[in-house]
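One letter stands for each residue in the lines below.
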Amino acid sequence: MMRFIRRDPLGPLDREAVRHGEERPAGPPRALSPEADPEVLHRDVPRFAHGLRTPGLHEATDPTKDPAGIPDPAVVEVPDALRAEIEDYMSRYPDFRSAAIPALAAAQKVHGWCSPTAIEQVACVMRLTPAYLTAVAGFYDMLETKPVGRKTVYVCTNISCSLRGGDELLAALEARVGDDPDVNIRGFECLGACDIAPMASIDGVYVGPVEDHEVVELAEQILSGAEPLPGKQLVRRRVADAAANTDDVVRASTETGTLDPVRYDGAGDAPTQPGGAA
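Residues numbered from 1 in each chain as written. Predicted model: local features only at pLDDT ≥ 70, side-chain atom pairs only at ≥ 80, totals over all residues. Heavy atoms only, no water.

With that settled, the discussion passes to the overall build of the protein chain. A count of helices and strands for the protein chain gives nine helices and six strands. Residues counted as buried form 32% of the 278 residues belonging to the protein chain. Across the protein chain, contacts joining residues at least 24 apart in sequence account for 58% of those joining residues at least 6 apart. (Helix = DSSP H or I, 4+ residues; strand = E, 2+ residues; numbered from the N terminus. Buried < 20%, exposed > 50% of the residue type's maximum accessible area, 1.4 Å probe, protein only. Contact = heavy atoms within 4.5 Å.)

The following block contains the structure:
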């Protein structure tokens, strides 16, 4: 039986009465359903310095340093492929500064993290100050501001995944791959895939629900660089609308170039392209 937390003990009639000015009926503002596990409400929430839930927010900027200006393109060397990718992103937005996030993500792929060199290269191409881009990189969780492993493993520990064992999944994977310096594994506040909870993102590939007996297999795939749980990948799930799963849709998507479809025919089967080719 699914367990859940009842957050509002008022029934519809009580809520309507409160809206019209009547006093709230006696009782706690939050209550558990009879089936709820009390331990769920007593789990520790990870905290960083100064009690913050987000690391790094307490790190203040050194006010004694002179602000860095826009890097000189005659001095800063930027890889041609990275420059072309950043300029492509800039061309897609009315305000080129909107490309800061994908530009930083592109530099992160090259350097492994948003290092000072990466920031400087992006700033040089975008004609922005390093401080501007450092502020962007420090705000978004997927942009790394410190050296990390190149294999990215995010395990969602937000409410839906937590109730379905997300914290246990994170602990189990950390125990098996956490010692590898090439693996950047950590809990994630929300990956937006509650329907496959508990889930994880392996280098951007969403997999779930991850069962206990699949942890060993998934850990080995992470370490070896193999495709993670092919039968549990979100991109290969068939949708509830049967019409959207027809071959016609796949064919049309291919012909129009709007999608790169992957036809999934069953758990563990290799993906096939339209026409039957493997």
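Now for the side chain of K151. Relative to the elements of secondary structure, K151 occurs in strand β3 (residues 151–156). Nearest to the buried, unbridged K151 among oppositely charged side chains is D182, at 4.3 Å. Among the polar contacts listed, one links the side chain of K151 to the backbone oxygen of I222, at a separation of 3.4 Å. A distance of 2.8 Å separates a polar side-chain atom of K151 from the backbone oxygen of L223. Other than its neighbours up to four places away in sequence, K151 contacts D182, V183, N184, D203, I222, L223, S224 and G225. (Lys, Arg positive; Asp, Glu negative; His and termini not counted. Salt bridge = Lys/Arg side-chain N within 4 Å of Asp/Glu carboxyl O. Polar contact = N/O pair within 3.5 Å; in protein donor to acceptor, adjacent residues only side chain to side chain.)

For the rest of this paragraph, the subject is the packing of helix α2 (residues 80–90) against helix α3 (residues 100–111). A pair of packed helices is characterised by two quantities: the angle between their axes and the separation of those axes. Relative to each other, α2 and α3 sit at 165°, their axes nearing to 9 Å. As the angle between them shows, α2 and α3 are arranged roughly antiparallel. Judged by the sense of rotation from one axis to the other, the crossing of α2 with α3 is right-handed. Across the interface between the two elements, L82, E85, I86 and Y89 from α2 touch P102, A103, A106, A107 and V110 from α3. For the contact of α2 with α3, the per-class residue count stands at eight nonpolar, no polar and one charged. (Axes fitted to C-alpha atoms, helices over the stretch in contact; angles between N-to-C directions. Parallel < 35°, antiparallel > 145°, perpendicular 65-115°, else oblique. Left-handed = near helix turned anticlockwise from the far one by under 90°. Nonpolar A, V, L, I, M, F, W, Y, C, P; charged D, E, K, R; others polar.)

Attention now goes to a nonpolar patch on the surface. On the surface, I101, F139 and Y140 cluster together into a nonpolar patch covering about 320 Å² of accessible area. For I101, the location among the structural elements is in helix α3. Under the relative-accessibility criterion, I101 is labelled partly exposed at 34%. (Patch = residues over 30% accessible without salt bridge, like charges linked within 9 Å, V, L, I, M, F, W, Y side chains within 5 Å. Areas by Shrake-Rupley, 256 points an atom, 1.4 Å probe, with all protein chains shown as cover.)

Along the chain, the position of T152 falls in strand β3. Distance from T152 to V183, taken between C-alpha atoms, is 6.1 Å for residues 31 residues apart in sequence. Once you skip the residues sitting within four places of it in the chain, T152 turns out to touch N184, S201, I202 and D203.

One number sums up the size of the second largest pocket: a volume of about 550 Å³. Along the walls of the second largest pocket sit 22 residues, with A105, Q108, K109, M142 and Y154 positioned nearest its centre. Elements that contribute at least two residues to the lining of the second largest pocket include exactly α2, α3 and β3. It is α3 that contributes the most residues to the lining of the second largest pocket, six residues altogether. Counted by class, the lining of the second largest pocket contains 11 nonpolar, six polar and five charged residues. (1 Å grid on protein atoms, 1.4 Å probe; cavity = no way out; pocket = protein on both sides within 12 Å on 5 of 7 lines; lining within 4 Å. Points joined across faces, edges and corners; volume = space filled by probe spheres on them.)

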